[in-house]
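What follows is each chain in one-letter form.
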Amino acid sequence: FGQVKPGVCIGFQHLPTQERSCLMSIKNLNLKAKLIGGFLGVAVITGVVGITGYWGATKLAGSVEEIGGVRLPSVESLLKIKVGAERIKAAQRTLLSSDLTSEETKRQFDNIDKAREEYEAAWKVYEPLPQTAEEEKTWKEFVPAWQQWRSDNNEFLLRKGCFGCCSLGRTG
């Protein structure tokens, strides 16, 4: 790359003259060699950063698909199921009031029916989605508890006089 002046390798004075002449010092390189070496160094660093970035981006694409295609719909569906259960609980509490008119009672039964339709739709979205082992275990424990809760709700509604309303025949 450049001209080396024999015997002028700074920092290698302890070596014999013949060996010092074979070593190169950056100070002894001409400007052309220094520029070429600098640009090659920058090119190598840029290549390493580029390869690392590409690897990270491809790995991230798989994670984005997992989050957007599976996790978010799962969370959204479970949230809708929870909201439906809370709406049913609120309607049942309202039905416990002895001061309700028949119109207010009917509105609460309609609220229960609508809440059930919404959580059943969310249930159908959630169930076929892939689940982690922990999610699958929790879901298998949740389903029987939910069915018992649904059965208890149906019994409550029957006692409140909801015969043939509130989708009592459904099992979800």
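Our subject is the structure that appears above.
None of these values were measured; they are calculated from a predicted model.

I would appreciate a short explanation of the overall build of the chain in the present structure.
For the chain, the helix and strand inventory stands at 4 helices and 0 strands. For the chain, the N- to C-terminal ordering of α and β elements is α-α-α-α. Of all 172 residues assigned to the chain, the portion counted as buried reaches 22%. Residue pairs in contact within the chain that sit at least 24 positions apart in sequence constitute 62% of those at least 6 positions apart. Accessible surface for the chain amounts to roughly 12100 Å². Of this, 62% is attributable to carbon and sulfur atoms.

When you look at the nonpolar core in this model, what are you seeing that I'm missing?
Among the nonpolar cores identified, the biggest contains 17 residues, and I81, L95, I112, W123, W139, W146 and L157 are the most heavily contacted of them. If you list the elements that add at least two residues to this core, you get α2 (31-95), α3 (102-126) and α4 (133-159). Top contributing element to this core by residue count: α3, with 7 residues.

For this particular structure, what's the right way to read the pattern of salt bridges?
A side chain of one charge can pair with a side chain of the opposite charge when the charged atoms of the two come close. Per the stated rule, a full pass over the model turns up 10 salt bridges. The partner of E118 in a salt bridge is R87, with the nearest N and O atoms 2.6 Å apart. You can see E118 sitting in helix α3 and its partner R87 sitting in helix α2, a full 31 residues away along the chain. Classification of R87 by relative accessible area gives partly exposed; the value is 28%. K137 serves as the salt-bridge partner of E141, at 3.6 Å between the closest nitrogen and oxygen. Taken together, the residues span about one helical turn, with E141 and K137 both in helix α4 at a distance of 4 residues.

Looking at this structure, I do not really get the packing of α3 against α4. What am I missing?
Describing two packed helices takes the angle between their axes plus the distance from one axis to the other. It is the contact of α3 with α4, at a shortest axis distance of 14 Å, that shows an interaxial angle of 160 degrees. Judged on the interaxial angle alone, α4 and α3 are roughly antiparallel. Considering how the two elements wind past one another, α3 and α4 form a crossing that is left-handed. Contacts between α3 and α4 involve F109, I112, R116, Y119, E120, W123 and Y126 from the first element and E135, W139, F142, V143, W146, W149, R150, N153, N154 and L157 from the second. Partitioning the contact of α3 with α4 into residue classes produces 11 nonpolar, 2 polar and 4 charged.

Which parts of the structure should I look at to understand the packing of α2 against α3?
At their nearest, the axes of α2 and α3 sit 8 Å apart, and the two run at 160 degrees to each other. In this view, α2 runs roughly antiparallel relative to α3, as classed from their interaxial angle. Viewed along their axes, α2 and α3 form a crossing whose handedness is left-handed.

Rules and cut-offs
Residues numbered from 1 in each chain as written. Predicted model: local features only at pLDDT ≥ 70, side-chain atom pairs only at ≥ 80, totals over all residues. Heavy atoms only, no water. Helix = DSSP H or I, 4+ residues; strand = E, 2+ residues; numbered from the N terminus. Buried < 20%, exposed > 50% of the residue type's maximum accessible area, 1.4 Å probe, protein only. Contact = heavy atoms within 4.5 Å. Areas by Shrake-Rupley, 256 points an atom, 1.4 Å probe, with all protein chains shown as cover. Core = buried A, V, L, I, M, F, W, Y, C linked by side-chain atoms within 4.5 Å. Salt bridge = Lys/Arg side-chain N within 4 Å of Asp/Glu carboxyl O. Axes fitted to C-alpha atoms, helices over the stretch in contact; angles between N-to-C directions. Parallel < 35°, antiparallel > 145°, perpendicular 65-115°, else oblique. Left-handed = near helix turned anticlockwise from the far one by under 90°. Nonpolar A, V, L, I, M, F, W, Y, C, P; charged D, E, K, R; others polar.

This is a description of form; function is not addressed.
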